[in-house]
Amino acid sequence: MSETPQLPSTGREWHLVSRPVGWPQPSDFALVEAEVRQPGPGEVLVRNAYVSVDPYMRGRMSAAKSYVAPFELGETMQGGAVGEVLVSNAEGIEPGDFVLHFLGWREYAVVDAKQAVKVDPEAAPLSTYLGVLGMTGLTAYAGLLRTASFKEGDSVFVSGAAGAVGSQVGQIARLKGASRVIGSAGSDEKVKLLVEEYGFDAAFNYKNGPVAQQLREAAPDGVDVYFDNVGGDHLEAAIGQLNRDGRIAICGMISVYNNTEAAPGPRNLARLIQTRGRIQGLLVGDHYDLQPEFVREVGGWIRSGELKYTETVVEGIENNLEAFFGVLRGDNIGKMIVKL
Ligand SMILES: NC(=O)c1ccc[n+]([C@@H]2O[C@H](COP(=O)([O-])OP(=O)(O)OC[C@H]3O[C@@H](n4cnc5c(N)ncnc54)[C@H](OP(=O)(O)O)[C@@H]3O)[C@@H](O)[C@H]2O)c1
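An account of the accompanying structure is given in this report.

Rules and cut-offs
- Residues numbered from 1 in each chain as written.
- Predicted model: local features only at pLDDT ≥ 70, side-chain atom pairs only at ≥ 80, totals over all residues.
- Heavy atoms only, no water.
- Helix = DSSP H or I, 4+ residues; strand = E, 2+ residues; numbered from the N terminus.
- Expected span 1.5 Å × (residues − 1).
- Buried < 20%, exposed > 50% of the residue type's maximum accessible area, 1.4 Å probe, protein only.
- Axes fitted to C-alpha atoms, helices over the stretch in contact; angles between N-to-C directions.
- Parallel < 35°, antiparallel > 145°, perpendicular 65-115°, else oblique.
- Contact = heavy atoms within 4.5 Å.
- Nonpolar A, V, L, I, M, F, W, Y, C, P; charged D, E, K, R; others polar.
- Arc of directions from axis to C-beta.
- Salt bridge = Lys/Arg side-chain N within 4 Å of Asp/Glu carboxyl O.
- Core = buried A, V, L, I, M, F, W, Y, C linked by side-chain atoms within 4.5 Å.
- Domains from an automatic or database assignment.
- Polar contact = N/O pair within 3.5 Å; in protein donor to acceptor, adjacent residues only side chain to side chain.
- Pairing = 2+ DSSP bridges.
- Near = heavy atom within 4 Å.
- Areas by Shrake-Rupley, 256 points an atom, 1.4 Å probe, with all protein chains shown as cover.

### Focus: helix α2 (residues 135–147)
Moving on, step 1. In this model, α2 (13 residues) spans only 16 Å end to end at C-alpha, well below the 18 Å of a helix rising 1.5 Å per residue.
Moving on, step 2. Counted residue by residue, α2 has ten buried out of 13 residues, so it is predominantly covered.
Moving on, step 3. Residues T136, G137, L138, T139, A140, Y141, A142, G143, L144 and T147 constitute the buried set of α2.

See the structure below:
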């Protein structure tokens, strides 16, 4: 419990003011100066230090039924954030502690302590709790090892390979003994990084030609695992190159998130008969039991330098929205983070 220090009376936060149709527009959002209220019993007041912008937020901007409730119009949007506790009315959390919580898109957050997890800024840089050691990292780890049932010797293809999830999928596959790791990304610069920094065996720029053809050249012996971040032509190409008993983990389909009409499905699903292939969706929220193992293993690889990570950091709450647009456009390498 603590004395109330001098507190900010207002803070800025991002509201959704209309539901985007197609690509989100700046006019769908408003940066609002709002009163910072005192935390009640069991709550903490946090000054956000880093907030996350993620592709799934596009889904929450629509009213369609999903695994998580839509953002409410006229309300502050939400998302992962880490920040410093200014005031605590909760047992076990003190002012000066840092917590991971779910009230991003704002400078100050009043958080139910039950929804806040203490993090140690000495153990790892604060921003990594949103990325390589956070939600996107666990998605890569669980999606590859559990959903895709990766095993040593598998040939692995991952799309969105220079992004937060994808760059980690490829590196975990390599570290766990993949026979070949192939990635696709949206620029030649990203492709170079995949091969030269992250140790992918092959990579291609999906904007340079048909995905199916580029994948055939990059994976002449086929793929045992495809980790899908993109959907669309990538998924169809991966089914086309799938080996016997191949596995496809559907993590995301960013190529269709801004579509106004449903995209056609892959035309070659019948190949799953021939390959006895399996396609399975994954949701990171189902895999938090792997968190301790994930942090131990990935934390070790980061410390030893065997796993590299990149963050694209945008500064200022006023640029939170532009950072989100940047993720949809592909401006980021690794995790896109907003530093406040
Ligand atoms: N299922 C789960 O629980 C879960 C959890 C986290 C994330 N996800 C999903 O995983 C995927 C990656 O998420 P992330 O946080 O790591 O994001 P990210 O990969 O860091 O950023 C998104 C990337 O998508 C690429 N992209 C955008 N439009 C594209 C298109 N039309 N075709 C191909 N690539 C496109 C861009 O890179 P390029 O320059 O390469 O185009 C962009 O950098 C997303 O689909 C996300 O929804 C799912």
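Next comes the rest of the description.
### Let's talk about the packing of α2 against helix α8 (residues 291–304)
Pairs of packed helices are described in terms of their axes, by the angle between the two and the distance that separates them.
Moving on, step 1. Closest axis-to-axis distance for the α2/α8 pair is 10 Å, and the angle between their directions is 100°. By the angle class used here, α2 and α8 are roughly perpendicular. Residue-level contacts link G137, L138 and Y141 of α2 to Q291, E293, F294, E297 and V298 of α8.
Moving on, step 2. Its residues assigned to classes, the contact of α2 with α8 shows four nonpolar, two polar and two charged.

### A closer look at helix α4 (residues 188–196)
Moving on, step 1. Of all the positions in α4, only K190, V191, L193 and L194 are classed as buried. Down the axis, α4 shows its buried residues gathered within 160° of arc, on one side only. Among the exposed residues of α4, those oriented more than 90 degrees off its buried face are E189 and E196.
Moving on, step 2. Against β9 (180–185) and β10 (202–205) lie the buried residues of α4.

### Some thoughts on the pattern of salt bridges
Moving on, step 1. Evaluation of the coordinates by the stated rule reveals 16 salt bridges.
Moving on, step 2. Between R329 and E322 there is a salt bridge, with the nearest N and O atoms lying 2.7 Å from each other.
Moving on, step 3. Overlapping salt bridges bring together R12, E107 and E318 as one network.

### What about the nonpolar core?
Moving on, step 1. With 45 residues, the main nonpolar core has L126, L144, I172 and V298 as its most contacted residues.
Moving on, step 2. Mapped by element, the contributors of at least two residues to this core are β3 (43–52), α2, β8 (155–158), α3 (164–175), β9, α4, β11 (223–228) and α8.
Moving on, step 3. Considering each element in turn, this core owes the most residues, five residues, to α2.
Moving on, step 4. Looking at which domains feed residues into this core, each of domain 1 (10–131 + 309–339) and domain 2 (136–285) supplies at least three.
Moving on, step 5. With residues near it in sequence (within four places) discarded, V298 still touches V132, L133, Y141, Q168, I172 and L307.
Moving on, step 6. Residues V51, V327, M336 and V338 belong to the second largest nonpolar core, which totals 20 residues.

### Looking at the environment of S18
Moving on, step 1. The residue S18 is located in the loop between β1 (10–16) and β2 (29–35) in this model.
Moving on, step 2. Since its relative accessible area comes to 26%, S18 is described here as partly exposed.
Moving on, step 3. The contacts of S18, once residues within four sequence positions are left out, are S27, D28 and L73.
Moving on, step 4. A polar atom in the side chain of S18 sits 2.8 Å from the side chain of D28.

### Describing the pairing of β3
Moving on, step 1. Where burial is concerned, most of β3 is hidden: nine out of the ten residues are buried.
Moving on, step 2. When β3 meets strand β4 (residues 81–88), the two strands line up antiparallel, connected through seven bridges. Paired with V46 across the two strands is V85, which belongs to β4.
Moving on, step 3. Sheet topology places β3 next to strand β15 (residues 335–339); three bridges connect them, and they run antiparallel. Counted as the bridge partner of V51 is V338 from β15.

### Description of the sheet that holds strand β13 (residues 278–281)
Moving on, step 1. Sheet architecture is open: six strands sit in the order β10-β9-β8-β11-β12-β13, paired in parallel fashion. The two strands at the open ends of the sheet, each matched to only one other strand, are β10 and β13. Averaged over all neighbouring strand pairs, the angle between strand axes comes to 15°, with direction disregarded.
Moving on, step 2. Here β8 runs beside β9; their pairing, made up of four bridges, is parallel. When the bridges of β9 are listed, F157 appears paired with I182.
Moving on, step 3. Packing against the sheet, helix α5 (residues 211–218) makes contact with β8, β9 and β10, and its axis sits at approximately 165° to β10.
Moving on, step 4. The strands touched by helix α6 (residues 232–240) within the sheet are β8, β9, β11, β12 (242–250) and β13, with β12 carrying the most contacts at an inclination of about 155°.

### Some thoughts on the side chain of D97
Moving on, step 1. Topologically, D97 is positioned in the loop between β4 and β5 (98–101).
Moving on, step 2. Among the polar contacts listed, one links the side chain of D97 to the backbone nitrogen of E94, at a separation of 2.7 Å.

### Some points on the site of the ligand
Moving on, step 1. With respect to spatial proximity, 27 residues lie near the ligand, and among them V165, K190, Y206, Y257 and N332 are the closest.
Moving on, step 2. One nitrogen or oxygen atom from the main chain of G186 is found 2.8 Å from an oxygen atom belonging to the ligand.
Moving on, step 3. Taking 900 Å² as the accessible area of the ligand by itself, protein coverage stands at 91%.
Moving on, step 4. Of all the elements in the fold, those that place two or more residues in the shell around the ligand are α2, α3 and α9 (320–329).
Moving on, step 5. Ranked by residues supplied to the shell around the ligand, first place goes to α2 with three residues.

### What about the environment of G170?
Moving on, step 1. Within the secondary structure, G170 is located in helix α3.
Moving on, step 2. Leaving out residues up to four positions away in the same chain, G170 has contacts with V158, V181 and F200.

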